[in-house]
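This is what each chain is made of:
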Amino acid sequence: MELSVLTRDIARLPAERRYGRVATVQGLLIEIAGLDAAVGVGSRLDIAARDGSVVPVEAIGFRNGRALCLPFGEVQAIGLGCKAYVGSPQSFVSPDQRWLGRVINGLGQPIDGRGPLPRGPREEAVKARPPAAHTRMRVGPKLDTGIKALNVFTPFCQGQRLGIFAGSGVGKSVLLSMLARFTACDVAVIG
């Protein structure tokens, strides 16, 4: 790992670590008290669970002076009084060419069992503002997906975004795997 990457990580460490405590857990909704002005909607927190694990959560609102949070992990070991530390106000990832072919979750963590991800030289915000519509490049030529039904009835172009929405069990995952396998492209990013 380069020294500049380590220096950047050290500079991001907070001088103090603020925390609140879990006041209520209702299903997946976790209420945290004691963080009055320290968090806002979208803030990330880390709950120190009773089994020693750390469960990341995100503040989605407020009620009666408490932060309402939803977890990014399992909540079984979270109980009343567990400490909830205020995390970094902004989450970053450092992508690298060596990430190609890897499977990561929405937090930029590897979930394919192939070890940690190498860190790239440049940071990107996980929640970045989208570029203005007039600054985006135009879509390129037609893209061969390798799936004849899509090529004929739903053709799309290089650089185009595509959303697939349907009920459960109708084949979205199969279609995504077919797109990843058969599309004539150098890199496919599937989220």
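Here, every reference points to the structure presented above.
A brief look at the structure comes next. (Residues numbered from 1 in each chain as written. Predicted model: local features only at pLDDT ≥ 70, side-chain atom pairs only at ≥ 80, totals over all residues. Heavy atoms only, no water.)

By the secondary structure assignment, aspartate 96 is in the loop between β7 (92-93) and β8 (124-125). One polar contact links aspartate 96 to arginine 98, side chain to side chain, over a distance of 2.7 Å. Excluding anything up to four places from it in sequence, aspartate 96 contacts Pro118, Arg119, Gly120 and Pro121. (Helix = DSSP H or I, 4+ residues; strand = E, 2+ residues; numbered from the N terminus. Polar contact = N/O pair within 3.5 Å; in protein donor to acceptor, adjacent residues only side chain to side chain. Contact = heavy atoms within 4.5 Å.)

Opposite charge on two side chains allows them to pair when their charged atoms are near. Applying the stated rule across the entire model yields 6 salt bridges. Residue aspartate 96 pairs with arginine 98 through a salt bridge whose shortest N-O separation is 2.7 Å. A relative accessible area of 53% means that arginine 98 is categorised as exposed. Across the salt bridge formed by arginine 114 and aspartate 112, the nearest N and O atoms sit 3.9 Å from each other. A relative accessible area of 53% places arginine 114 in the exposed class. We classify aspartate 112 as partly exposed; its relative accessible area is 23%. Put simply, Glu31, Arg63 and Arg66 are held in one network by salt bridges that share partners. (Salt bridge = Lys/Arg side-chain N within 4 Å of Asp/Glu carboxyl O. Buried < 20%, exposed > 50% of the residue type's maximum accessible area, 1.4 Å probe, protein only.)

Reading around the barrel, the 6 strands line up as β1-β2-β5-β4-β3-β6 and close back on themselves, with antiparallel pairing between neighbours. The sheet shows a mean angle of 45° between the axes of neighbouring strands, taken without regard to direction. Direction of pairing for strand β2 (residues 29-33) relative to strand β5 (residues 66-71): antiparallel, over a ladder of 3 bridges. From the neighbouring strand, isoleucine 30 faces β5, where its bridge partner is cysteine 69. (Pairing = 2+ DSSP bridges. Axes fitted to C-alpha atoms, helices over the stretch in contact; angles between N-to-C directions.)

For the rest of this paragraph, the subject is a nonpolar patch on the surface. Among the surface-exposed residues, Leu28, Ile60 and Leu70 lie close enough to one another that they form a single nonpolar patch of about 270 Å² accessible area. Here isoleucine 60 shows up in strand β4 (residues 54-63). Judged by its relative accessible area of 44%, isoleucine 60 falls in the partly exposed class. (Patch = residues over 30% accessible without salt bridge, like charges linked within 9 Å, V, L, I, M, F, W, Y side chains within 5 Å. Areas by Shrake-Rupley, 256 points an atom, 1.4 Å probe, with all protein chains shown as cover.)

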